[in-house]
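Okay, here's what each chain looks like letter by letter:
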Amino acid sequence: YLGNGRLLAVARREYDREKPESILAQFQLESVDYGKTWSKALTNITDISESTPSLILTPSGKICNYYYQRFAGFLKRRTVSGEAIWGNPTSWSEPEILLQASTDGCNAGNVNSTVSGGKHILAYYSGDERNTSIYVHVADDSTE
C-alpha cells in the first residue's frame, strides 16, 4: 500500500510457446482505488524464469523486490522508491546480487521474504535432484 488508495503488486509472466512474441518478465499491477480496478504493465525485469517475486515496503517508502534467477543461481534484489516506479514500470533499478547458489533450475529458486526486527529475512531453496534444502538469508538492508 503506497497511500491515497494506491496498491502495487508485482507478478511474473512466463514465456508462452503458443505466443512467440511473449516476453519473460515481471509485470506491475497498480490500483488507485483500493483494488477495485487494476492496470497491468510489463517491467524492465526480465532476468526471471519461474521465479515468483517477493516485495518488502520499507518505512522510508522504498520497495525491495527479491527474486531468484534460476539457471544462473542468483538471489537478487532491486530497490527503488515507490514513487519512482508508480506509473513507470520500466524504471526498476539494476539488480543487486545478494548471493549465488545452485544453478539447477528445477531444484533452486523462489524467494519468500519477511521483516523481523527491521531485518529482511529471505527463504529460498537450492540444491540438485538428489539433495535440495531450504536456506535462510538475512539481507543487509542498505536501502534506508
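Residues numbered from 1 in each chain as written. Predicted model: local features only at pLDDT ≥ 70, side-chain atom pairs only at ≥ 80, totals over all residues. Heavy atoms only, no water.

Draft legend 1. Up close: the pairing of strand 2 (residues 25-31). Among the 7 residues that make up strand 2, 6 are buried, leaving the element largely enclosed by the rest of the structure. Alignment of strand 1 (residues 7-13) against strand 2, held across 7 bridges, turns out to be antiparallel. Following the sheet pairing, Ala9 is matched in strand 2 by Leu29. In terms of strand pairing, strand 2 meets strand 3 (residues 39-42) through 4 bridges, oriented antiparallel. (Buried < 20%, exposed > 50% of the residue type's maximum accessible area, 1.4 Å probe, protein only. Helix = DSSP H or I, 4+ residues; strand = E, 2+ residues; numbered from the N terminus. Pairing = 2+ DSSP bridges.)

Draft legend 2. Structural context of the sheet that holds strand 8 (residues 109-116). An order of 8-9-10 is seen for the 3 strands of this open sheet, with the pairing classed as antiparallel. The open sheet has two free edges, formed respectively by strand 8 and strand 10 (132-139), since each of these has just one partner strand. Taken pair by pair, the neighbouring strands of this sheet meet at an average axis angle of 25°, ignoring direction. Sheet topology note: the strand 8/strand 9 (residues 119-127) ladder contains 6 bridges and is antiparallel. Looking across to strand 9, one finds that Thr114 is bridged to Ile121. (Axes fitted to C-alpha atoms, helices over the stretch in contact; angles between N-to-C directions.)

Draft legend 3. Looking closely at the pattern of salt bridges. Throughout the structure, instances matching the rule amount to 4 salt bridges. Between Arg6 and Glu83 there is a salt bridge; the shortest N-O distance is 2.7 Å. Residue Arg6 is located in the segment before strand 1, and its partner Glu83 is located in helix 1 (residues 82-85); the two are separated by 77 residues in the primary sequence. In this structure, the salt-bridge partner of Arg77 is Glu96, at a minimum N-O distance of 3.0 Å. With Arg77 in strand 6 (residues 74-81) and Glu96 in strand 7 (residues 96-100), this residue pair connects regions lying 19 residues apart in the sequence. Through salt bridges with shared partners, a single network forms among Asp47, Lys76 and Arg78. (Salt bridge = Lys/Arg side-chain N within 4 Å of Asp/Glu carboxyl O.)

Draft legend 4. Region of the structure containing unusual backbone geometry. The residue Tyr34 is not glycine, and still its phi comes out positive at about 60°. One can find Tyr34 in the loop between strand 2 and strand 3. Given a relative accessible area of 58%, Tyr34 falls into the exposed group. Phi is positive for Phe71, close to 70°, though the residue is something other than glycine. Inspection of the secondary structure assignment puts Phe71 in the loop between strand 5 (62-69) and strand 6. Classification of Phe71 by relative accessible area gives exposed; the value is 52%.

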